[in-house]
Amino acid sequence: MVALIIASAAVAVGSVGTAWSAIERAATVDERADRGTASQVADPERPTTTPYSLPVADGARAGWSATHSTYPATDVFSGCGASLVSPVWGTVLEVRRVDSYDPAVDDPATRGGRTVSILGFDGVRYYLAHFDTIVDGLDVGDEVALGQELGTMGDTGRTSACHLHFAISPPCPDTEWSVRRGVIWPYVYLNAWRRGEQLSPAAEVGRWLAANPTACADAMADPFAPDA
């Protein structure tokens, strides 16, 4: 067994809080090949802000739109094999290296294929999905720098073309997929970051969480949540 320890938030309306609280609870999960194996521990002394950049190394070649499926997220296109990078300074929450998606089952928790989740120093979770490859040595609990290489763009999971599924959400204290996949529109921030503006999604995420206080509990109660 391996302990996956995720910080939870003390959130005020209009803000994700000046800092995410140190450990509120520890979720014990079975060790699996598609999960990280280190312990992610919140550091109460870490910064509470971060600069931002696009999650693709070659931003000039990246494209996206203002629409997405049935929930808020942004699909970023830059070609198969494009380098994907961290859009923030933060801590790795999840690393899924095995594409376990089976179209015959269509488990929503595995639709992202190979994925990485990062808890930014701003208290916001950033979810990147459909990797082709993830860099060796990237583990749960690792601190990542702005622009640090995470892997390459692919078409793993439920997708028909190489792209990056980019999502923004508050972190939940246990495994789930329906909040992680995205709760606010990222394209607004991607547009700003491309222009060089340091627009933070923290306040909008805080407002969403204040308006949806049971979202994490509901998501964690979903029958597919343990597969996330």
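Keep in mind that this is a model prediction, so the values were computed, not measured.

Visitor: Kindly report on the packing of aromatic side chains, identifying the contributing residues and their values.
Guide: What the rule picks out here adds up to five aromatic pairs. When the ring of Tyr52 is compared with that of Trp193, the centres are 5.1 Å apart and the planes differ by 5 degrees; the resulting orientation is stacked. Of this pair, Tyr52 sits in the loop between strand E2 (26-29) and strand E3 (74-76) while Trp193 is found in helix H1 (residues 187-194), placing the two residues 141 residues apart along the sequence. Arranged with centres 6.3 Å apart and planes meeting at 20 degrees, the rings of Tyr126 and Phe166 form a pair that is stacked. Highlighted residues: Tyr126 in strand E7 (residues 125-134) and Phe166 in strand E10 (residues 164-169), separated in sequence by 40 residues. Exposure remark for Phe166: the relative accessible area of 0% places this residue in the buried category. Among the aromatic residues, those joined into a ring-pair cluster are Tyr52, Tyr126, Phe166, Tyr189 and Trp193.

Visitor: If you had to explain H1 to someone new, which residues and values would you point to?
Guide: By the burial criterion, the buried members of H1 are Tyr189, Leu190, Ala192 and Trp193. Summarising the axial view, the buried residues of H1 lie within an arc of 165 degrees, below the 170-degree limit, and thus occupy one face. Buried residues along H1 sit in contact with E3, E7, E10 and helix H2 (202-211). Gly196 sits one or two positions beyond H1 and adopts a positive phi of about 90 degrees.

Visitor: With reference to specific residues and values, describe the state of the cysteines.
Guide: Counting across every chain of the model gives two disulfides. Disulfide partner of Cys172: Cys216, at an S-S distance of 2.0 Å. Residues Cys172 and Cys216 are joined by a disulfide whose S-S torsion is about -80 degrees; by sign, that bridge is left-handed. Of this pair, Cys172 sits in the loop between E10 and H1 while Cys216 sits in helix H3 (residues 215-220), and the two are 44 residues apart along the sequence. No difference in accessibility class separates Cys172 from Cys216, as the two residues are buried.

Visitor: Run through the pairing of E10, naming residues and quoting values.
Guide: In terms of burial, E10 is a largely internal element, six of the six residues being buried. Covered by surrounding structure in E10 are Leu164, Phe166 and Ile168 together with His165, Ala167 and Ser169, the residues of both alternating faces. As defined by bridge partners, E3 adjoins E10 across three bridges and the pair is classed as antiparallel. Note on E10: the bridge partner recorded for Asp75 is His165. In terms of strand pairing, E7 meets E10 through five bridges, oriented antiparallel.

Visitor: Hey, could you go over H2 for me, with residue numbers and the actual values?
Guide: Burial in H2 covers these residues: Ala202, Val205, Gly206 and Leu209. Down the axis, H2 shows its buried residues gathered within 100 degrees of arc, on one side only. On the buried face of H2, the contacting elements are E10.

Criteria and cut-off values
- Every chain begins its residue count from 1, and numbering advances along the sequence as written.
- Local features in this predicted model are restricted to residues whose pLDDT is 70 or higher, and side-chain atom pairs enter the listing and the counts only when it is 80 or higher, whereas totals over whole chains, interfaces and linings include all residues.
- Heavy atoms from the whole structure form the basis of all side-chain values; hydrogens and water molecules are not counted.
- Think of it this way: a Phe, Tyr or Trp ring, Trp meaning its six-membered ring, pairs with another when their centres are within 6.5 Å, and the plane angle makes it stacked under 30 degrees, edge-to-face over 60, tilted otherwise.
- Per the convention used, a helix needs a DSSP run of H or I reaching at least four residues, while a strand needs a run of E reaching at least two, with both numbered from the N terminus.
- Burial classification: accessible surface area is computed with a 1.4 Å probe over protein chains only, and a residue below 20% of its type maximum counts as buried, one above 50% as exposed, and the rest as partly exposed.
- Each direction from the helix axis to a C-beta atom contributes to the arc, which is the arc of those directions.
- Throughout, a residue-residue contact means that at least one pair of heavy atoms, one from each residue, lies within 4.5 Å.
- Sulfur atoms of two cysteines make up a disulfide when they are within 2.5 Å.
- In short, DSSP must find at least two bridges between two strands for them to pair.

Note that all results are geometric; they support no functional claim without further evidence.
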